[in-house]
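Coordinate inspection notes
Residues per chain, in single letters:
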Amino acid sequence: MAANTFILVLSCDDKPGIVAAVTTELAGLGANIAESSQFWDRHTNSFFMRIAFQAPDGMVRDDVERALRPAIDRFQMRTTLTEPTRKPRIVILVSKFDHALLHLLYQIRVGWLNAEVVAIVSNHEDSRRTADLEAVPYHHWPVSKANKAEQEEKLLHLVQETGADLVILARYMQVFSDTLSKRLYGKAINIHHSFLPSFKGAKPYHQAHERGVKLIGATAHYVTPDLDEGPIIEQETERVSHALTADDFVASGRDIESRVLARAVKLHLERRVMLNGHKTVVFS
């Protein structure tokens, strides 16, 4: 993104004139719109919009917000204005399975994901070497019933201390408490396998293999108090057959989980995901 580029996302009750009001103010600033997407949810009469635009040289965020204020007040918009030249800061949580973590770090290294990893947190020591190679602070915080609340407070403090914009559960095998889920709502993304029927507990891919599943997949979603039932951001499935072993299922699952999580993170970081009740609006 060029300098002086901004991304505006907004939502409000749908009424005539919303697009015209916003674009008129931007035109008055001399801004050039590079990308625009919008959606009207007929069931809730809610309107969602994302606009990426380049403002004239020398114009700062306060100037843009001041110019948009009449339109925002008129339609009672909920808005977020960001500057994509600033790298979002992320905290990654991982347990023993590190495939999703490694994929995220690679996509950041090659520039496909525009983000800065400010910390890696784990309840195991397994990924410390990876963190050291990436020069990222590593926090080994084992979790038990006795210290769960204390470790969650440490995580919240870390998020605040580092100014993290997003927490990513890259196969972090610990369930957030209701309190933590609520405090990080819209700022924490999880990845998990997707099967029909659903297989929970240990070795889900082996369970799927035993039942002869024909499709395996993964779902990336926002974390909520309802386990694995938060608003969905991204999904993918892949066909499997009776000729594959349980280990083949696991290997395919690792690949799908890594890809889906990375795509979900990219969509979030680029402000392409908007919460719409229990669902999301995703401007791809």
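Per an unreviewed UniProt entry, the protein chain carries the name Formyltetrahydrofolate deformylase and comes from Ensifer adhaerens.

Looking at the overall build of the protein chain
Counting its regular elements, the protein chain contains eight helices and 13 strands. Its C-alpha atoms give the protein chain a radius of gyration of 21 Å, within 12% of the compact-globule value 19 Å for 284 residues. Projecting the C-alpha coordinates of the protein chain onto the three principal axes gives extents of approximately 60 × 40 × 35 Å. When the accessible surface of the protein chain is summed, it comes to about 14,600 Å², and 50% of that surface belongs to carbon and sulfur atoms. On the protein chain, the mean spot of the 34 positive side-chain charges and the mean spot of the 35 negative ones are 2 Å from each other.

Section: the environment of Asp126
Looking at where Asp126 falls in the secondary structure, it is placed in the loop between strand E6 (116–122) and helix H4 (128–134). Overall, the relative accessible area of 48% leaves Asp126 in the partly exposed class. Filtering out sequence-adjacent residues up to four positions away, Asp126 remains in contact with Lys96 and Tyr138.

Overview of the packing of helix H3 (residues 99–109) against helix H8 (residues 246–269)
Packing of H3 against H8 leaves a shortest axis separation of 9 Å and a crossing angle of 45°. Classified by the angle their axes make, H3 and H8 are oblique. The hand of the H3/H8 crossing is right-handed. Along its contact with H3, which presents His99, Ala100, His103 and Leu104, the element H8 presents Arg254, Glu257, Ser258, Arg259, Leu261, Ala262 and Val265. Taken together, the residues that form the contact of H3 with H8 break down as five nonpolar, three polar and three charged.

Here's the deal with helix H1 (residues 18–29)
Side chains of residues three or four places apart in an α-helix project in the same direction, reflecting 3.6 residues per turn. Over its twelve residues, H1 extends 17 Å from the first C-alpha to the last, a length consistent with the 16 Å expected when each residue adds 1.5 Å. Three or more residues of H1 are buried, namely Ile18, Ala21, Val22, Leu26 and Leu29. Viewed along the axis of H1, the buried residues span an arc of 125°, placing them on a single side of the element. Facing away from the buried side of H1 by over 90 degrees, the exposed positions are Thr24, Ala27 and Gly28. Residues of H1 that are buried in the fold lie against strand E1 (5–13), strand E2 (32–41), strand E3 (46–54) and helix H2 (61–75).

Here we look at the sheet that holds strand E5 (residues 89–94)
Taken together, the seven strands give an open sheet; going across it, the order is E7-E6-E5-E8-E9-E10-E11, and neighbouring strands pair in mixed fashion. What marks the edges here is a single partner per strand, and that holds for strand E7 (138–140) and strand E11 (232–239). Sheet twist, expressed as the mean angle between neighbouring strand axes with direction ignored, is 20°. As paired strands, strand E8 (residues 166–169) and strand E9 (residues 188–194) are joined by three bridges and run parallel to one another. Of the residues in E9, the one forming a bridge with Val167 is Ala188. Sheet strands touched by H3: E5, E6 and E8. Its angle to E5, the strand with the most contacts, is close to 155°.

Some remarks on the environment of Thr245
Take Thr245: it is sitting in the loop between E11 and H8. Since its relative accessible area comes to 40%, Thr245 is described here as partly exposed. Sequence separation between Thr245 and Ser194 is 51 residues, and the spatial gap between their C-alpha atoms is 18 Å.

Examining a nonpolar patch on the surface
Together, Tyr106, Val110 and Trp112 give the surface a local cluster of nonpolar side chains, amounting to about 290 Å² of exposed area. In this fold, Val110 is placed in the loop between H3 and E6. Owing to a relative accessible area of 46%, Val110 belongs among the partly exposed residues under this scheme.

What to know about the side chain of Arg272
Position of Arg272 among the secondary structure elements: in the loop between H8 and strand E12 (273–276). Using a relative accessible area of 11% as the deciding quantity, one classes Arg272 as buried. Every residue in contact with Arg272, bar those within four places of it in the chain, is listed here: Glu35, Arg50, Leu267, Val281, Val282, Phe283 and Ser284.

What counts and what doesn't
- Residue positions are given per chain, counted from 1 along the sequence in the order it is written.
- Residue-level local features of this predicted model are given only where pLDDT is at least 70; pairs of side-chain atoms are given and counted only at 80 or more, and the full residue set underlies all totals for whole chains, interfaces and linings.
- Side-chain metrics rest on all non-hydrogen atoms present in the structure, leaving aside hydrogens and water.
- To qualify as a helix, a DSSP run of H or I must reach at least 4 residues; to qualify as a strand, a run of E must reach at least 2; elements of each kind are numbered from the N terminus.
- All radius of gyration figures rest on C-alpha atoms, and the globule criterion is 2.2 Å times the number of residues raised to 0.38.
- Methods summary: accessible areas were calculated by the Shrake-Rupley approach with a probe of 1.4 Å, and residue burial reflects only the protein chains presented.
- For this count, His and the chain ends are skipped, Lys and Arg are scored as positive, and Asp and Glu as negative.
- Here the site of a charge means NZ on Lys, CZ on Arg, CG on Asp, or CD on Glu.
- Partly exposed residues are those whose accessible area sits between 20% and 50% of the maximum for their type, while under 20% is buried and over 50% is exposed, using a 1.4 Å probe and protein chains only.
- Here, residues are in contact when the closest pair of their heavy atoms is within 4.5 Å.
- Helix axes use the C-alpha atoms of the stretch in contact, all axes being lines fitted to C-alpha atoms, and the angles between their N-to-C directions lie in the range 0 to 180 degrees.
- In what follows, roughly perpendicular refers to angles from 65 to 115 degrees, roughly parallel to angles under 35, roughly antiparallel to angles over 145, and oblique to any angle outside these ranges.
- Each crossing gets its handedness from the near helix: less than a right angle anticlockwise from the far helix is left-handed, clockwise is right-handed.
- Residues are sorted three ways: Asp, Glu, Lys and Arg are charged, Ala, Val, Leu, Ile, Met, Phe, Trp, Tyr, Cys and Pro are nonpolar, and all the rest, Gly among them, are polar.
- By definition here, a helix of n residues has an expected span of 1.5 Å times n minus one.
- Directions drawn from the helix axis to the C-beta atoms are what define this arc.
- We treat two strands as partners when DSSP finds at least two bridges between them.
- Patches here are clusters of residues that have more than 30% relative accessible area and form no salt bridge, with a 9 Å joining cutoff for like charges and a 5 Å cutoff for nonpolar side chains (Val, Leu, Ile, Met, Phe, Trp, Tyr).
- Salt bridges, as used here, are contacts in which a Lys or Arg side-chain nitrogen is within 4 Å of a carboxyl oxygen on Asp or Glu.

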